[in-house]
Structure formats: C-alpha cells, structure tokens
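Given next are the chains, with one letter for each unit.
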Amino acid sequence: MHEGKFIQQELGGMPRRLFRASPSKLLAWVDCPRRYRMQYLDRPAPAARVQRAHTSVGVAVHNALRDWWDLPAGRRTAAAGAELVRRSWIDVGFRDPEQSAWWLALAQAQVAAYLSGVDPVRQPLGVERTVSLKTEALALHGRVDRLDDRGDHLAVVDYKTSRQPPTADDARTSLPLALYAAAAWKMFRRRCVRVELHHLPTGTVAAHDHTGDSLRRKIAEAESIAKEARAAEADYAELGVDAPSFPARVGPLCQWCDFRTHCPAGQAYGEEKSGWAALEGPAALGVTRPS
C-alpha cells in the first residue's frame with residue numbers, strides 16, 4: 001500500500017483534537033463573537049486600547065495578595081500587604097495623578113483590612129495556581145487566585161475588586177469558578193465543590209457549594225460553548241475575516257470593549273466609556289471618591 005494513502009487512512013481514524021480554551025476565552029465567545037475573533041484569531045491582532053484604571057487596580061491588588069504568601073509567615077502582616085500594593089501599583093488608565101494616588105491609598109486600605117482577617121500561618125494549597133481539565137471535547141486550563149485546603153475538602157477562592165459586591169447567586173452561576181473546582185477535584189483527587197468570591201472593598205464573601213451534578217452541568221455548558229467556538233474557528237480557517245460566524249453582539253459592553261476602534265457596529269452603539277469610568281459612582285466603603 002502506498003505510504004501516503006496508509007497515513008491518510010490512519011489519520012482518518014484518529015480521535016478529534018481537543019479544543020483548548022480557558023474560561024475567559026469561552027466567555028469571550030459568549031460576550032461577542034466579533035471580539036473573540038479579533039482577540040484570539042486575527043493575526044496580527046488588532047491593537048487593543050490602553051488598559052483601564054479599574055483593571056490597573058485589580059491587577060495590583062491581585063499581585064499583592066499573591067506576593068503576600070511568598071513572604072515568611074512572620075512577615076505576613078496587614079501592613080506588609082499594603083506595601084505590596086504600593087510596589088505592584090500600575091499608574092495606567094486614571095484621569096490624572098491625583099486620582100491614581102487616591103485609589104492607591106484606598107486599595108492599600110482595602111487589602112490591609114482584608115488581610116487582617118486572614119490566618120498568615122495557614123498556607124493555601126495553591127496561589128495563582130494553574131489547573132486543567134480534559135473532557136471528551138475540551139482541554140481546559142485556567143488560573144485560580146487561591147486554592148484552600150479546608151481539611152475534608154478544597155475551596156476555590158476568587159478575589160473581586162468591583163464596585164458592587166457579588167452575591168451568592170454570582171458564585172453559583174459563575175462558569176469559571178465551577179470549572180476551576182472541577183479541575184482541582186480531578187487534579188488533587190480531593191472533593192472540591194466550594195467556590196467563594198472575596199470582595200476586597202467590603203470584606204464580604206459570596207459562596208456556593210456545588211454538587212457533583214451541578215459541576216457536570218457546568219462542564220457540559222463549557223463544552224457547548226466550545227462546540228460553537230470551534231465551528232466558527234473552522235469557518236475562519238477557510239474564509240478568514242470574511243467568515244460570517246463572527247457577528248458583533250451589540251450592547252452596553254461595546255462602550256467598554258478594548259477593540260471598539262476596529263468595530264463600526266460597536267462604535268455606533270454609544271460613546272466609549274472613559275478609562276476611569278468604572279471607578280466613578282457611590283463607594284462601597286461609604287467614602288467619597290474624587291470626581
């Protein structure tokens with residue numbers, strides 16, 4: 001038998017390659033196929049807008065909470081956490097230096113208040129830990145802010161710096177948290193159904209306890225999203241940017257989109273939000289924010 005024909009026959013019987021994705025990639029598809037194409041498929045990728053101020057705040061806070069666990073246990077104090085925020089601060093997206101300085105002080109206070117209630121000796125099982133999970137259709141990977149060992153079970157902890165505190169329903173419906181829990185359960189062979197959203201501005205915790213069945217439903221949801229995205233990517237491989245599978249999903253998110261300068265449909269929805277727009281409005285901690 002001709003070697004090339006033999007190889008083709010062998011390849012024809014091989015299992016289909018798994019679709020590789022993170023929870024953020026899956027949710028990008030749900031939010032807007034057009035943005036998904038520009039972010040994950042177009043090469044060279046269209047230039048994204050400059051990082052917004054609320055992202056700068058979130059990144060600095062997350063980095064500080066990550067680095068805090070790298071300190072010797074005796075140095076894990078609230079004050080040390082505040083100093084780590086200062087070292088991690090990203091002065092990008094703010095209206096002016098005064099606004100940046102104000103938010104730096106607020107972020108430091110929030111992190112210090114949060115860490116005052118954290119046991120510095122109880123080392124998490126993982127900090128910024130990458131977890132992965134394979135199904136028959138999907139190869140999932142993602143990074144957990146914190147993975148706690150709670151004795152008889154594991155718990156997924158996600159830090160939030162948003163203006164509004166999350167609710168228990170937010171924790172219950174979160175696709176990323178459920179996928180992280182399922183991945184941790186499989187990787188460590190220990191039960192992991194507890195997911196928590198820790199809101200730094202208020203110090204509150206929104207939590208949910210999944211079941212094996214509810215985690216399986218979330219995995220099925222992820223597989224369904226991946227199936228749609230995979231079919232669209234096949235169209236893109238054949239037709240490129242002319243593929244019809246990437247319509248703009250026009251709505252309020254268009255005013256925040258990092259790629260709106262490349263999307264006439266998104267621009268037509270409304271004016272772009274300023275880089276610091278997410279920081280304006282009533283403060284969660286009851287303090288007056290600079291206007």
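Up top you'll find the structure we're talking about.
Treat the numbers as computed from the prediction; the structure is a model and nothing was measured. (Residues numbered from 1 in each chain as written. Predicted model: local features only at pLDDT ≥ 70, side-chain atom pairs only at ≥ 80, totals over all residues. Heavy atoms only, no water.)

Caption draft 1: Molecular detail of the packing of helix α4 (residues 53-68) against helix α5 (residues 78-88). α5 packs onto α4 with a crossing angle of 130° between their chain directions and a minimal axis gap of 8 Å. Put simply, α4 runs oblique to α5. Crossing geometry of α4 relative to α5 is assigned as right-handed. Between α4 and α5, the contacting residues are Ala60, Asn63, Ala64, Asp67 and Trp68 on the first element and Ala80, Gly81, Leu84, Val85 and Ser88 on the second. Of the residues assigned to the contact of α4 with α5, the class counts are 6 nonpolar, 3 polar and 1 charged. (Axes fitted to C-alpha atoms, helices over the stretch in contact; angles between N-to-C directions. Helix = DSSP H or I, 4+ residues; strand = E, 2+ residues; numbered from the N terminus. Parallel < 35°, antiparallel > 145°, perpendicular 65-115°, else oblique. Left-handed = near helix turned anticlockwise from the far one by under 90°. Contact = heavy atoms within 4.5 Å. Nonpolar A, V, L, I, M, F, W, Y, C, P; charged D, E, K, R; others polar.)

Caption draft 2: A look at the nonpolar core. Phe19, Leu26, Tyr36, Val156 and Phe246 are the most contacted members of the largest nonpolar core, which totals 40 residues. Ranked by residues supplied to this core, first place goes to helix α8 (residues 175-188) with 9 residues. Ignoring any residue separated from it by four or fewer positions in sequence, one finds tyrosine 36 in contact with Phe19, Lys25, Ala28, Trp29, Leu41, Ala229, Glu233 and Phe246. (Core = buried A, V, L, I, M, F, W, Y, C linked by side-chain atoms within 4.5 Å. Buried < 20%, exposed > 50% of the residue type's maximum accessible area, 1.4 Å probe, protein only.)

Caption draft 3: Representation of the environment of lysine 273. In this structure, lysine 273 sits in the segment after α10 (264-269). We classify lysine 273 as partly exposed; its relative accessible area is 32%. Expressed as a C-alpha distance, the spacing of lysine 273 and tryptophan 256, which sit 17 residues apart in the sequence, is 5.9 Å.

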